[in-house]
Amino acid sequence: MTTTAAAPTPVAVASPARDQLRWIAVSALAGMTGLVLVWWSYRLTFAPGGHHYTVFWIGCLVAGLPPAVRAVAGAVPAWERLTQVVLLSVFLMGPKLLRTPDRPLYHDEYAHIVQAEHLRATGHLFADNWLVPVIKSYPSLHTVTAYLIDLSGLPGWRVGQAVILLAHVLAAVGAYALVAELWHSERAGAAGAVTYMLNAGYMYFDSQFSYEGLALVFFVWTGYLAVRISRGGGWRTVPLAILLGAALVTTHHLTAIALVVLLLLLCASARLKPLFLLTGAITCFLAFWLLAVSPYTLQYLSPYLGTGLSQLAGIVSSGSGGRQLYAASTTPFYERAAAFLAIAVLAAVAIVHLVRSRFLRADAGARLGWVLYGGLYFLSIPLILSPMGAEAARRTWAFTFFGVAVLVGGLFHAGRVRLVAAALGFVVVLVGNVSAGQNEYYRFPGPIVFGTDTRDVSAETLELARWLRAGVAPGERIATDRFNGLQLSWSGGLDVVRATGDLPYWELYLEDLPPSVRLADEMRRRDVAYLVLDERMTRSLPVLGIYFQPDEAFTVHEPLDPGRFDRYFDQPWASVVLDSTTVRVVRIDLDLFARSAR
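Residues numbered from 1 in each chain as written. Predicted model: local features only at pLDDT ≥ 70, side-chain atom pairs only at ≥ 80, totals over all residues. Heavy atoms only, no water.

Turning our attention to the overall build of the protein. Broken down by element type, the protein carries 23 helices and four strands. For 598 residues, the compact-globule formula gives about 25 Å, and the C-alpha radius of gyration of the protein, at 27 Å, lands near that figure. Dimensions of the protein, computed from the C-alpha atoms along their principal axes, are close to 120 × 60 × 55 Å. Per-residue burial for the protein yields a buried fraction of 55% across its 598 residues. For the protein, the proportion of contacts with a sequence separation of at least 24, taken over those separated by at least 6, is 73%. Carbon and sulfur atoms make up 64% of the accessible area of the protein, which totals about 25,500 Å². (Helix = DSSP H or I, 4+ residues; strand = E, 2+ residues; numbered from the N terminus. Rg over C-alpha atoms; globule rule 2.2 N^0.38 Å. Buried < 20%, exposed > 50% of the residue type's maximum accessible area, 1.4 Å probe, protein only. Contact = heavy atoms within 4.5 Å. Areas by Shrake-Rupley, 256 points an atom, 1.4 Å probe, with all protein chains shown as cover.)

Quick look at helix 14 (residues 365-380) now. Here helix 14 spans 24 Å end to end across 16 residues, near enough to the 22 Å set by a 1.5 Å rise per residue. Residues of helix 14 that are buried include every one of Ala366, Arg367, Leu368, Gly369, Trp370, Val371, Tyr373, Gly374, Tyr377 and Ser380, and no others. (Expected span 1.5 Å × (residues − 1).)

Time to look at the side chain of Ser489. On the secondary structure map, Ser489 appears in helix 19 (residues 482-490). Residues in contact with Ser489, not counting those within four places in the same chain, are Val114, Trp130, Leu131, Leu494 and Val496.

A few words on the pairing of strand 2 (residues 528-534). Taking burial as the measure, the seven residues of strand 2 include seven buried ones, the bulk of the element. Relative to strand 2, strand 1 (residues 477-479) runs parallel, the two being bridged by three bridges. The partner of Ile478 across the bridge, within strand 2, is Tyr530. The pairing of strand 2 with strand 4 (residues 583-588) spans five bridges and is antiparallel. Note that in strand 4 the partner of Leu531 across the bridge is Val586. (Pairing = 2+ DSSP bridges.)

Attention shifts here to the state of the cysteines. Throughout the structure, instances matching the rule amount to zero disulfides. The structure places no disulfide on Cys267, whose sulfur is separated from the nearest cysteine sulfur, that of Cys284, by 12 Å. (Disulfide = S-S within 2.5 Å.)

In this section: the environment of Ala75. Among the secondary structure elements, Ala75 is positioned in the loop between helix 2 (52-72) and helix 3 (78-99). Spatially, the C-alpha atom of Ala75 lies 35 Å from that of Trp39, the residues being 36 residues apart in sequence.

Bringing the pattern of salt bridges into the picture now. In the structure shown here, the tally under the stated rule is 21 salt bridges. Linking Arg22 and Asp19 is a salt bridge whose minimum nitrogen-to-oxygen distance equals 2.7 Å. Here Asp19 and Arg22 lie together in helix 1 (residues 16-44), a separation of three residues that amounts to about one turn. Residue Asp19 is classed as partly exposed on the basis of its relative accessible area, which comes to 31%. Measuring nitrogen to oxygen at the nearest pair gives 2.7 Å for the salt bridge that ties Arg536 to Asp534. Among the ionic contacts, a cluster of salt bridges with common partners joins Glu535, Asp566, Asp579 and Arg584. (Salt bridge = Lys/Arg side-chain N within 4 Å of Asp/Glu carboxyl O.)

Turning next to the nonpolar core. Nonpolar side chains in soluble globular proteins tend to be buried together. Formed by 169 residues in total, the largest nonpolar core has its most connected members in Phe219, Trp370, Leu468, Tyr505 and Tyr509. Here this core takes 13 residues from helix 15 (residues 387-413), the largest share from any one element. Counting only domains with at least three residues in this core, you end up with domain 1 (17-443) and domain 2 (459-596). Setting aside residues no more than four positions away along its own chain, Trp370 makes contact with Leu178, Leu182, Phe219, Gly223, Val227, Leu262, Leu266, Phe402, Gly403 and Val406. Core analysis: the next-biggest nonpolar cluster, separate from the first, contains five residues, Leu35, Ala63, Leu87 and Phe91 among them. (Core = buried A, V, L, I, M, F, W, Y, C linked by side-chain atoms within 4.5 Å. Domains from an automatic or database assignment.)

Looking now at the sheet that holds strand 2. If you walk across this open sheet you meet the four strands as 1-2-4-3, and the pairing is mixed. The open sheet has two edge strands with one neighbour each: strand 1 and strand 3 (574-579). Across this sheet, the average inter-strand angle for adjacent strands is 25°, counted without regard to direction. Relative to strand 4, strand 3 runs antiparallel, the two being bridged by five bridges. Within strand 4, the residue paired with Ala574 across the bridge is Ile588. (Axes fitted to C-alpha atoms, helices over the stretch in contact; angles between N-to-C directions.)

You can read the domains of the protein as domain 1 (17-443) and domain 2 (459-596). The C-alpha centroid of domain 2 is placed 37 Å from the C-alpha centroid of domain 1. Taken together, the contact pairs 14 residues of domain 1 with twelve residues of domain 2. Each partner contributes to the roughly 1,100 Å² buried at the junction of domain 1 and domain 2, and carbon and sulfur atoms together form 69% of this total. Broken down residue by residue, the surface that domain 1 buries against domain 2 is led by His107, Tyr110 and Trp130, which jointly contribute 59%. Between the two partners, domain 1 and domain 2, sit zero salt bridges. (Buried area = accessible area lost by both parts, 1.4 Å probe.)

A few words on the packing of helix 2 against helix 3. Axis separation between helix 2 and helix 3 bottoms out at 8 Å; the angle between their running directions is 165°. For the element pair helix 2 / helix 3, the angle class is roughly antiparallel. Considering how the two elements wind past one another, helix 2 and helix 3 form a crossing that is left-handed. On helix 3, the residues that touch Phe56, Cys60, Ala63, Gly64, Pro67, Ala68, Arg70, Ala71 and Val72 of helix 2 are Glu80, Arg81, Gln84, Val85, Leu88, Phe91 and Pro95. Per-class residue counts for the contact of helix 2 with helix 3 are eleven nonpolar, two polar and three charged. (Parallel < 35°, antiparallel > 145°, perpendicular 65-115°, else oblique. Left-handed = near helix turned anticlockwise from the far one by under 90°. Nonpolar A, V, L, I, M, F, W, Y, C, P; charged D, E, K, R; others polar.)

In structure tokens:
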């Protein structure tokens, strides 16, 4: 008699792929939940209590911690790490998208979307831009956006958001590829990408529709190709790297200069002929662009670094005169503390790397160049003590943080970072850097506040834009303050002129009549037939401290005299065609106006 053993009962074993999909689903659900909390925090800004900060950060951490921690955990396949990095990138852009999903928010966004829509409508590259004149010489973002508007038929603002969202993700993916290549570790690559997304501008500044957002993609991928070249990629990779570098030069001035600095460091550390060719080609093209196409770029940039350094030298020599950090800030104490702790955390990472690498002796080739580039972040920190240098320092962090990401990637490559410590560092650096990078007006909605780019849009302003669009004849231009001008140029599609030394129309607000001959003749030549007066100028000072442009040649210490606006009822060349509770519109007879000046 024979017996047969009973077949073993099958045991269900979870497939690794299914487990990974579960982790991705958890991160996606956490991200959506967190963004709902961020949206709620924006609603709370209109209610008393000041709880919007707390709810905002709970939302950001609910959205960001799960993909960040999973991306850097051990024994995670590369495809899942990269997916978690992409999810984190999208979630960290969420606060900006939720802030104003239907229109531009920041000053530079208005400039760029107007430039892109003008290019689509006219086909003219290098058109003047009254808001940010220098952007006319860097048309790559506008060209891509205009083409996609035509191709898709979607509204310009929607296309612009899609372009920057894609760029946002590609910059994070580039950081992943770069750090993974330098350390030969996918975990290090994920840690580097997560670290890069913690830089002060990633959540808001580089999430806006602006040329820097696209330029960072060209920057990091050119840097990645430079690493490949230094590791045997050879001459075949050089043409693609030159092409990306050239695209960067036509996209954004400061990022292109930052790339040349990086390539010089890589050449000094790797010393390979293909790298010399790449660096020379991009440097020559940048020099050509600055001299032949945009000669005013260096003049535009010089006040930030040059004046910042001179102010810092004065602070050091005199022991006074520096910025008071967080002066008049409404941010909670824990944000301010985190801003200082974030620097300490990153400095500790740099010190650990110095010790482990025996003071960089273990670093070689391209990795040494990137580590040195990350060191520029720490050198820039003292600049935040000077008024002009603070802006210059913040603008460089978007580039130098790629180098900081390389330092952090090295720690994870060594396998010496516990996930609890990584999560705590993520929280501190995220909260601190966002706080250091942007103020409350930049981050949160709220009641209308005169003299802010982000909270100065009202139903009356939008109605004014529509009203003027219906009444202003083609070719006629408008003179107005910075804040009304943003809406008139975008919502109204109107031709607003920039107040400059050649067209100093601030005289019509601040000085006695009749106007200067120079102003009257220039307004007639440019057909500036409308003047928009904001009555709030007579009630309070603008929060930003300026009425027209950052470089305006005057300082006002108290609100304007209402009589300076009332006088336009009595001028023979002026007709007040609109007089509301906030805004007065004056139609100017330019021939009579010019004669009155003589």
